[in-house]
Amino acid sequence: MKRKSIIILIALFVLCYFNKASGASGFKAVSIYQQKNLQKQVDSILEVTDNKEYDLAIEMASSLINEAEKRNEPGFLFHGYNLLSITYDQLQDSVPALDYAKKALHFAKISKNDTLIAWGYNNLAASLSEYPETRNQALDFYKESLKIQRRLNDGEFLDAALNIAELYRDEKNYTMMYPYLKEAEKSYDGAYFYYDDPKVYINILWGDYYRGLDFPDRAFMYYNTAYDLAEEKKMDYLALDFYNHFADFLTEYGKPKQALKVYKRYLYYYKNKEQVTSQETFQLAQAHMEAEELRRARNDAELKQQILDQDLQRKKTQSVLLGSIIGLMVLFLAYLFYSERLRLGLIKNLKINNKHLKKAKDLAVKSERSKTKFFSTLSHEMRTPLYGVTGIISILEKKDAFADYKEEIGSLKFSADHLLDIINDLLDISKLEDDNFKLIKKPFNIKLLVEELVSSFQQNSLKNSNCQIICDVDSSVPNYVVGDSRRISQILLNILGNAVKFTPKGIIAIRLRSKILSSGLYKIRFEIEDNGIGIPKENHESIFEEFSQLDGIQSENKGTGLGLPIVRKLLNKMGSDITLKSEPEQGSVFTFAIEFAEATPEQVIGKNTSQSSEEELEFTNLKGLRILIVDDNKINRMVTRRVLENQHATIFEAQNGEEALERTRKHHFDMILMDINMPGINGYETSKAIRVFDKSTPIIALTAAEASYVKQKVKESGMNDVITKPYNLKKFSDVIAKEIKGGNLIPG
């Protein structure tokens, strides 16, 4: 009872074919006369099929296929093979019906017409559903057809949905049957003329559905409606299948009179069927014979055409060879003639490209310089107000009056220090891209460095945390090595800091292992492992990009996205790189290796002696010293003044370079603290002017810029040293103490 899609209105085909639902291009137009001729053939085949003239229908469909092949019309080839499939289906010859249905779908796909493809899938599925072993494949094809029909949404009845419902009915799967039957019923348009009215099929299936669920009254209502429609439309081909089924139902549910009536109609159609069976058998045999004859004729024609094509191909090959020889000779002469011009043209293009490359290089250098200048300016602008904040905090935390606010002041100090770390990260990114960046290699105790880092985290970051850091340094690692301890600390701080952020509770392990290389160097392998939230594999590279952060990470502090990029850049400067192994919820392992030379005893002793001499410079009392603070920022002057007054110095202030010059000409000062960036005369210019009449008074630069950027200009302007704002009190004291001792200034 499967419904195959049949087109009865040629206009519908023309509309679908010329306005392809798939939007495919490359349609080859044919003449109006040829198009109409093919349309008439389709119309004629439908008429003779309806009159049960199957032999004639097969002959006409074969003729349509020949014409469509000559004109390269895949749409009409689909109709030719589809009509052959329908004809053999009606003759109950399933093997050729299935074969032609497959060919019809093939040409529907070539046509790239979604409507034809949907029909092709539906009709092939109808043929496959006749065999139990291919019903699953039939179901898949029906669903493909339905998917296309839904997308087109062109008002056509959804044959595929009806057929899917019937397949599920056969399997007694009424739950799956219901939605498809409902969808098919919804697509039915009562005002539309159907060649094979689906309303009858819909009512039969609803009857089967309710019979299967044991609702006989509702099943009877739908069966009876289907019976009346079949009688009205004289659907004898449907009556033989349905009436016997309906009569059995009526008998089963106690309606013998109605069952007898239906069964009589069944016998009537059955007798009529018997009368035409012999005629159809003859027509089928004749149709088979004529189809075979047509196939033989077509094969003969194809063989003759192949011979002609081969002869034509041979002549074409000879012509191509001759043309190729002539062409090669012409090309060779052209090459000789134009080679010099081509060479000159290449040289000219090379000069132009070199010019463009130089311009691009200059632009890149300029851009890099602008970037460096921007970071330096940004650092200064951010450090200047931060100097006031950290200075006031340092003053307040020493006042007994604010003892009750120790926790709040501590929070402020933590926030200020965090902001300073961000500023330093920005500067580090800028400096690491500078070719002038240098590593400072000095002897240091690598074991002690790692242990102090871990101790610092445990006392601060992990104080109120459920996380624990384990330090495991192998005995093969030497105590003292030569390297940049500050940069090694920075690398480990960034990696450990990330591990702490994203390990709410658990264990973080830092491990050091080493081996001696043939060169005598120690290759120390660092491994930082945590059992935190982990990192998806697709983000393993992006986390090392500047300002990159992971989306969806649950953490109160994701950071700036600069820590790991700085780590990679520093390691690259050291001739190394970092690797990562991590999966979500499985933790992370960061690994890198650096080559170190072991420090000699002389280097270690020299380092300790230097440290002892530096420690001797510390002081706590500046009593009796006259110090001039030159700064255009009132808050910065106040902070510096309070710090120095706490050490009993006598403080004087100047808010710009002009005022500083006037005061130094009239008064003697033991030291001048000079801000560099001031309106009017800046710190460099002011210092140069002071050095004209005062060669000895120590002048210390105060700057919010990174010290490495200004040291050369500080030296050229006559200043003695640099203090970076916001300053560390110990470093601030060290610089002042060094200048006091160097200038034989004795406080008190």
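Structure: above.
A short tour of the structure in this document, coming up. (Residues numbered from 1 in each chain as written. Predicted model: local features only at pLDDT ≥ 70, side-chain atom pairs only at ≥ 80, totals over all residues. Heavy atoms only, no water.)

So, the overall build of the protein chain
So, point 1. When helices and strands are tallied, the protein chain shows 23 helices and 12 strands.
So, point 2. Here the protein chain, with 748 residues, has 43% of them falling under the buried criterion.
So, point 3. Considering only contacts within the protein chain whose residues lie at least 6 apart along the sequence, 68% involve residues at least 24 apart.
So, point 4. Working note: accessible area of the protein chain is about 42000 Å², and carbon and sulfur atoms make up 53% of it. (Helix = DSSP H or I, 4+ residues; strand = E, 2+ residues; numbered from the N terminus. Buried < 20%, exposed > 50% of the residue type's maximum accessible area, 1.4 Å probe, protein only. Contact = heavy atoms within 4.5 Å. Areas by Shrake-Rupley, 256 points an atom, 1.4 Å probe, with all protein chains shown as cover.)

Looking at the sheet that holds strand 8 (residues 626-630)
So, point 1. As summarised here, the arrangement of the 5 strands in space is 9-8-10-11-12, forming an open sheet in which the pairing is parallel. Edge strands, defined here as strands with exactly one partner in the open sheet, are strand 9 (650-654) and strand 12 (721-724). The average undirected angle you get between the axes of adjacent strands in this sheet is 25°.
So, point 2. In this fold helix 19 (residues 634-645) packs onto strand 8, strand 9 and strand 10 (671-675), with an angle of close to 165° to the strand it touches most, strand 9. (Pairing = 2+ DSSP bridges. Axes fitted to C-alpha atoms, helices over the stretch in contact; angles between N-to-C directions.)

Thoughts on the pairing of strand 4 (residues 505-516)
So, point 1. Direction of pairing for strand 2 (residues 466-473) relative to strand 4: parallel, over a ladder of 8 bridges. Counted as the bridge partner of Asn466 is Lys505 from strand 4.
So, point 2. Relative to strand 5 (residues 522-530), strand 4 runs antiparallel, the two being bridged by 9 bridges. Bridge pairing in strand 5 places Ala509 opposite Glu529.
So, point 3. Here strand 4 folds back onto strand 5 in antiparallel fashion, the turn holding 5 residues, of which Gly520 has a positive phi close to 95°.

What to know about the nonpolar core
Within soluble globular proteins, side chains that are nonpolar tend to cluster in buried spots.
So, point 1. Ranked by internal contacts, the top residues of the largest apolar core, which has 85 residues, are Tyr243 and Phe246.
So, point 2. Residue contributions to this core peak at 9 residues, all from helix 6 (residues 114-128).
So, point 3. If near-sequence neighbours (up to four positions away) are discounted, Tyr243 is found in contact with Tyr227, Ala230, Glu231, Val262, Arg265, Tyr266 and Tyr269. (Core = buried A, V, L, I, M, F, W, Y, C linked by side-chain atoms within 4.5 Å.)

Structural notes on the side chain of Asn123
So, point 1. Within the secondary structure, Asn123 is located in helix 6.
So, point 2. When its relative accessible area of 1% is taken as the criterion, Asn123 is described as buried.
So, point 3. Side chain to side chain, Asn123 and Asn82 meet in a polar contact 2.5 Å long. (Polar contact = N/O pair within 3.5 Å; in protein donor to acceptor, adjacent residues only side chain to side chain.)

Considerations on a nonpolar patch on the surface
So, point 1. Together, Phe332, Leu333, Tyr335 and Leu336 make up an exposed nonpolar region whose accessible area comes to about 480 Å².
So, point 2. Looking at the secondary structure, you find Leu336 in helix 13 (residues 256-396). (Patch = residues over 30% accessible without salt bridge, like charges linked within 9 Å, V, L, I, M, F, W, Y side chains within 5 Å. Salt bridge = Lys/Arg side-chain N within 4 Å of Asp/Glu carboxyl O.)

Observations concerning the packing of aromatic side chains
So, point 1. Under the defined criterion, the tally for this structure stands at 31 aromatic pairs.
So, point 2. Seen in terms of ring centroids, Tyr121 and Phe141 are 5.6 Å apart; in terms of plane orientation they differ by 45°. Their pairing is tilted. Taken together, the residues Tyr121 in helix 6 and Phe141 in helix 7 (residues 135-152) connect sequence positions 20 residues apart.
So, point 3. Overall, the relative accessible area of 12% leaves Tyr121 in the buried class.
So, point 4. Overall, the relative accessible area of 18% leaves Phe141 in the buried class.
So, point 5. Where Tyr209 meets Tyr210, the ring centres are 5.0 Å apart and the plane angle is 80°; that geometry is what we call edge-to-face. (Phe/Tyr/Trp six-rings, centres within 6.5 Å; stacked < 30°, edge-to-face > 60°.)

So, the packing of helix 10 (residues 198-212) against helix 11 (residues 216-233)
Packed helices, taken two at a time, are described by their axes: the angle between them and the distance between them.
So, point 1. Contact pair helix 10 / helix 11: the axes reach a minimum separation of 8 Å and the direction vectors enclose 160°. Viewed along their axes, helix 10 and helix 11 adopt a mutual orientation that is roughly antiparallel. For the pair helix 10 and helix 11, the crossing hand works out as left-handed. Where helix 10 approaches helix 11, its residues Lys199, Val200, Asn203, Ile204, Trp206, Gly207, Asp208, Tyr210 and Arg211 are matched on the opposing element by Arg218, Ala219, Tyr222, Tyr223, Thr225, Ala226, Leu229 and Ala230.
So, point 2. Tallied by class, residues from the contact of helix 10 with helix 11 come to 10 nonpolar, 3 polar and 4 charged. (Parallel < 35°, antiparallel > 145°, perpendicular 65-115°, else oblique. Left-handed = near helix turned anticlockwise from the far one by under 90°. Nonpolar A, V, L, I, M, F, W, Y, C, P; charged D, E, K, R; others polar.)

A look at the packing of helix 4 (residues 74-90) against helix 5 (residues 94-111)
So, point 1. Two elements in contact, helix 4 and helix 5, have axes separated by 8 Å at closest approach and are oriented at 160°. Viewed along their axes, helix 4 and helix 5 adopt a mutual orientation that is roughly antiparallel. Crossing angle aside, the handedness with which helix 4 passes helix 5 is left-handed. Contacts between helix 4 and helix 5 involve Pro74, Gly75, Leu77, Phe78, Tyr81, Asn82, Leu84, Ser85, Tyr88 and Asp89 on the former and, on the latter, Pro96, Ala97, Tyr100, Ala101, Lys103, Ala104, Phe107, Ala108, Ile110 and Ser111.
So, point 2. The class makeup of the residues in the contact of helix 4 with helix 5 is 14 nonpolar, 4 polar and 2 charged.

Things to note about unusual backbone geometry
So, point 1. With a phi angle near 65°, Asp214 is a residue other than glycine that sits in the positive phi range.
So, point 2. The topology assignment puts Asp214 in the loop between helix 10 and helix 11.
So, point 3. We classify Asp214 as exposed; its relative accessible area is 53%.
So, point 4. One non-glycine residue, His648, lies in the positive phi region at around 70°.

Some words on helix 8 (residues 159-170)
So, point 1. Counted at 1.5 Å a residue, the expected span for helix 8 with its 12 residues is 16 Å, and the 17 Å between its end C-alpha atoms agrees.
So, point 2. Within helix 8, 11 of the 12 residues are buried, which leaves it mostly tucked inside the rest of the structure.
So, point 3. All of the buried residues in helix 8 are Asp159, Ala160, Ala161, Leu162, Asn163, Ile164, Ala165, Glu166, Leu167, Tyr168 and Arg169.
So, point 4. In this structure, the buried residues of helix 8 make contact with helix 6, helix 7, helix 9 (174-187) and helix 10.
So, point 5. Looking one or two residues past helix 8, Lys172 carries a phi angle of roughly 60°, positive in sign. (Expected span 1.5 Å × (residues − 1).)

Brief notes about the environment of Glu653
So, point 1. When you line up the elements, Glu653 lands in strand 9.
So, point 2. Through-space distance from the C-alpha of Glu653 to that of Leu673 is 9.6 Å; in sequence the pair is 20 residues apart.
So, point 3. If near-sequence neighbours (up to four positions away) are discounted, Glu653 is found in contact with Leu628, Ile629, Arg637, Arg641, Glu659 and Arg663.
So, point 4. Within the structure, Glu653 has its side chain in polar contact with the side chain of Arg641 (distance 2.9 Å).

Some remarks on the pairing of strand 3 (residues 480-483)
So, point 1. Alignment of strand 1 (residues 442-445) against strand 3, held across 4 bridges, turns out to be antiparallel. Within the sheet, the bridge partner assigned to Pro443 lies in strand 3 and is Val482.
So, point 2. Here strand 3 pairs with strand 7 (residues 588-598) via 2 bridges, running antiparallel. Looking across to strand 7, one finds that Val481 is bridged to Glu598.

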